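Results of the structural survey
As a plain string of letters, each chain reads:
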Amino acid sequence: MTQPALDLVIAALEKIRESERAPRASKTALERLQAGVLAAVSIIATADSGECSAAQGQQVEGGPNKANLLAAVRERVSDCTKCEHLACSRTQTVFGVGNPNADLMFIGEAPGADEDAQGEPFVGRAGQLLTRILKAMNFEREDVYIANILKCRPDMPIGGFGNRPPTPTEMQTCRPYLVEQIDIIQPSVLVALGAVAVEGLLGTRAAMRELRGRWHTYNSIPLMITYHPAYLLRNQAPSEKRKVWEDMLQVMERLERPISERQRNYFL
Ligand code: SF4
């Protein structure tokens with residue numbers, strides 16, 4: 001914070017003290033203020049050390065804390081009622097889970113019944129398969145970050161069974177939260193799971209066979225598109241598992257992760 005800005009803050013605080021009114025701020029406002037102060041401290045520390053400004057935006061010791069920044073977004077999401085019908089029907093919002101400093105971020109479509117009940121993405125059968133895929137890549141769930149395009153479970157008609165995909169309008173409405181998550185985490189690689197996630201993220205509608213298996217970009221971040229784990233639960237053929245695995249091998253190569261011969265040959 002610069003000296004003139006500090007002077008303004010001090011003058012405003014003195015005015016409040018004179019008026020004997022207790023200052024009030026919401027929890028969200030305080031978190032945003034805290035995140036802003038942390039970012040300012042980081043920039044000042046960088047400038048003081050004579051480092052070039054390219055380091056700004058990266059997490060340095062004492063710098064902006066990605067966990068705090070994500071917590072502030074999570075707080076806003078938990079109160080969100082932009083889609084009235086979903087805010088009424090959800091048990092809770094499902095924000096995202098994992099390492100705020102992750103190199104690798106997975107994006108799915110929307111919470112299902114299990115996720116709505118537990119408040120965590122990818123915990124149902126498809127989620128358990130994603131966890132197994134991660135283990136095959138030598139990752140734990142805690143190493144990566146996992147989020148959905150939609151933070152609320154798409155509602156179902158009374159007596160309806162299963163889950164429904166989100167509508168384009170619902171995805172468009174919720175997308176800004178995902179954009180904020182990606183902006184904060186700044187992963188080295190993104191993976192979009194399934195056609196709905198691709199549509200929500202890129203606005204592109206195309207067959208998965210045309211999209212998967214090659215690199216795309218989202219905001220200059222390399223993006224790999226592959227099948228949703230739910231697809232593999234429906235199509236158990238080794239050839240389909242191999243396609244997803246080949247996509248994950250490309251991700252591991254991009255992240256410069258060691259790949260054993262055994263890993264290279266899974267599902268062959
Ligand atoms: S789906 Fe997203 S935008 Fe809609 S109410 Fe839930 S959190 Fe808000």
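Residues numbered from 1 in each chain as written. Predicted model: local features only at pLDDT ≥ 70, side-chain atom pairs only at ≥ 80, totals over all residues. Heavy atoms only, no water.

Overview of the pattern of salt bridges
We apply this condition: We define a salt bridge as a side-chain nitrogen of Lys or Arg found within 4 Å of a carboxyl oxygen belonging to Asp or Glu. Strands here mean DSSP runs of E at least two residues long; helices mean DSSP runs of H or I at least four residues long; both are numbered from the N terminus. Throughout this description, buried means an accessible area under 20% of the type-specific maximum (1.4 Å probe, protein chains only), exposed means over 50%, and partly exposed covers the range between.
Under the definition given, this model contains 10 salt bridges. We note a salt bridge from Arg141 to Glu120, for which the minimum N-O separation is 3.1 Å. Linking Arg141 in the loop between α6 (125-136) and β3 (145-148) with Glu120 in the loop between α5 (113-118) and α6, this pair joins segments that are 21 residues apart in sequence. Residue class for Glu120 comes out partly exposed when judged on its relative accessible area of 27%. Connected through salt bridges with shared partners, the residues Asp155, Arg164 and Glu170 form a single ionic network.

Remarks on the packing of aromatic side chains
In this description, a pair of aromatic rings is defined by centroid distance and the angle of the planes. Definition in use: Only Phe, Tyr and Trp rings are paired, with Trp represented by its six-membered ring, and only when their centres lie within 6.5 Å; those with planes under 30 degrees apart are stacked, over 60 edge-to-face, the remainder tilted. Any Lys NZ or Arg CZ found within 6 Å of a ring centre and within 35 degrees of that ring's normal is scored as a charge over the ring.
Taken as a whole and assessed by the stated rule, the structure comprises 3 aromatic pairs. With centroids separated by 5.2 Å and ring planes inclined at 45 degrees, the aromatic side chains of Trp245 and Tyr266 adopt a geometry described as tilted. Of this pair, Trp245 sits in helix α11 (residues 238-254) while Tyr266 sits in the segment after α12 (261-264), placing them 21 residues apart in sequence. You can call Tyr266 partly exposed: its relative accessible area is 23%. Consider the rings of Tyr266 and Phe267, whose centres lie 6.3 Å apart with planes at 65 degrees: the pair is edge-to-face. The rings of Trp245, Tyr266 and Phe267 are connected pair by pair, giving a single aromatic cluster. For Lys82, the ring lying beneath its charged end belongs to Tyr177, and the centroid distance is 4.6 Å. Cation over ring: Arg257 sits above Phe139, and NZ or CZ is 3.8 Å from the ring centre.

Considering the site of the ligand
For clarity, the cut-off: By convention in these notes, a residue is near a molecule or strand provided one of its non-hydrogen atoms lies within 4 Å of it.
Looking at the ligand, the residues that line it are Cys80, Lys82, Cys83, Leu86, Arg90, Leu150, Lys151, Cys152, Thr173, Cys174 and Tyr177. Element by element, the count of residues in the shell around the ligand is highest for helix α7 (residues 168-185), at 3 residues.

Read these as spatial facts, not as claims about activity.
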